[in-house]
Amino acid sequence: MENVVTIVVPVYNTKKYLEKCVSSLTQQTFRQIEILLVDDGSTDGSGELCDRLAAGDNRVRVIHKPNGGAATARNMGIDEASGEYVMFLDSDDWLDLDAIETLVLHTDRNQPDVIRFNYVREFERKQLPKVNTFLEEHVYTEEACLHVCRQILGLTGAEMSHPENMNFLASCGFNMYRTSLLRKAGVRFIPI
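Residues numbered from 1 in each chain as written. Predicted model: local features only at pLDDT ≥ 70, side-chain atom pairs only at ≥ 80, totals over all residues. Heavy atoms only, no water.

Caption draft 1: Molecular detail of helix α3 (residues 70-80). Of the positions making up α3, those classed as buried are A71, A73, R74, N75, G77 and I78. Buried-residue contacts for α3 involve β1 (5-11), β2 (33-40), β3 (60-65), β4 (85-88) and α6 (179-184). (Buried < 20%, exposed > 50% of the residue type's maximum accessible area, 1.4 Å probe, protein only. Helix = DSSP H or I, 4+ residues; strand = E, 2+ residues; numbered from the N terminus. Contact = heavy atoms within 4.5 Å.)

Here is the structure:
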């Protein structure tokens, strides 16, 4: 079976959340996936948990590496991905069980290079759906460009005390990319 989608999950000291994340991937309704768990030198037992989770599903592959940050783990995922498409998911996040099927149906119809999708921010006492304002083709006017720039810059100063106000920022986590596009363009995440 050919992998259509590779999901790259950088893992660093997220043992508390990792099982829920991986479970949301292994239970996807679309089965032609590869799950790359890139253990970035975890010290809390996350690496060992990755190995246990991989033992139960042959679609899960674990890569252990010295700590270098999420960017280096994502770069390794780009290099190792076998799927036609690749997506990145943080190890404390999860997907709805039909998420990848929904995305793949869209790729079958339109053959896009990148798909952006919505997400929900969860807080202790509430959930905030965040609608991706980039989902439709659009010509941005000067005023709209200011809105787009605001999303890219994110929260600053006193705004940081209200993370629920954050909307789509410059993030790879709400996209599915054609793997060949990333490789051809030489896309690399920059470690900080």
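Now that the structure has been shown, the text picks up again.
Caption draft 2: Broad picture of the pattern of salt bridges. Going through the model one piece at a time under the given rule, you end up with eight salt bridges. Notably, a salt bridge pairs D57 with R59, separated by 2.7 Å at the nearest N-O pair. Each member of the pair, D57 as well as R59, carries the same accessibility label: buried. A salt bridge links D90 to R74, with the nearest nitrogen and oxygen atoms 2.8 Å apart. (Salt bridge = Lys/Arg side-chain N within 4 Å of Asp/Glu carboxyl O.)

Caption draft 3: Seen up close, the packing of aromatic side chains. Taken as a whole, this structure holds two aromatic pairs when the rule is applied. Centroid distance F88 to F189: 5.2 Å. Interplanar angle 80°. Geometry classified as edge-to-face. Within this pair, whereas F88 is found in strand β4, its partner F189 is found in the segment after α6, the two being separated by 101 residues in sequence. Above the ring of F189, the side-chain terminus of R74 is found at 5.7 Å from the ring centroid. (Phe/Tyr/Trp six-rings, centres within 6.5 Å; stacked < 30°, edge-to-face > 60°. Lys NZ or Arg CZ within 6 Å of the ring centre and 35° of its normal.)

Caption draft 4: Geometry of the packing of helix α1 (residues 15-26) against helix α2 (residues 46-55). Between α1 and α2, whose axes approach to 10 Å, the crossing angle comes to 20°. The pairing of α1 with α2 is recorded here as roughly parallel in orientation. Taken as a pair, α1 and α2 cross one another with a handedness that is right-handed. Together, K15, L18, E19 and V22 of α1 and S46, L49, C50 and L53 of α2 make up the contact between the two elements. Tallied by class, residues from the contact of α1 with α2 come to five nonpolar, one polar and two charged. (Axes fitted to C-alpha atoms, helices over the stretch in contact; angles between N-to-C directions. Parallel < 35°, antiparallel > 145°, perpendicular 65-115°, else oblique. Left-handed = near helix turned anticlockwise from the far one by under 90°. Nonpolar A, V, L, I, M, F, W, Y, C, P; charged D, E, K, R; others polar.)

Shape descriptors only; they carry no functional weight alone.
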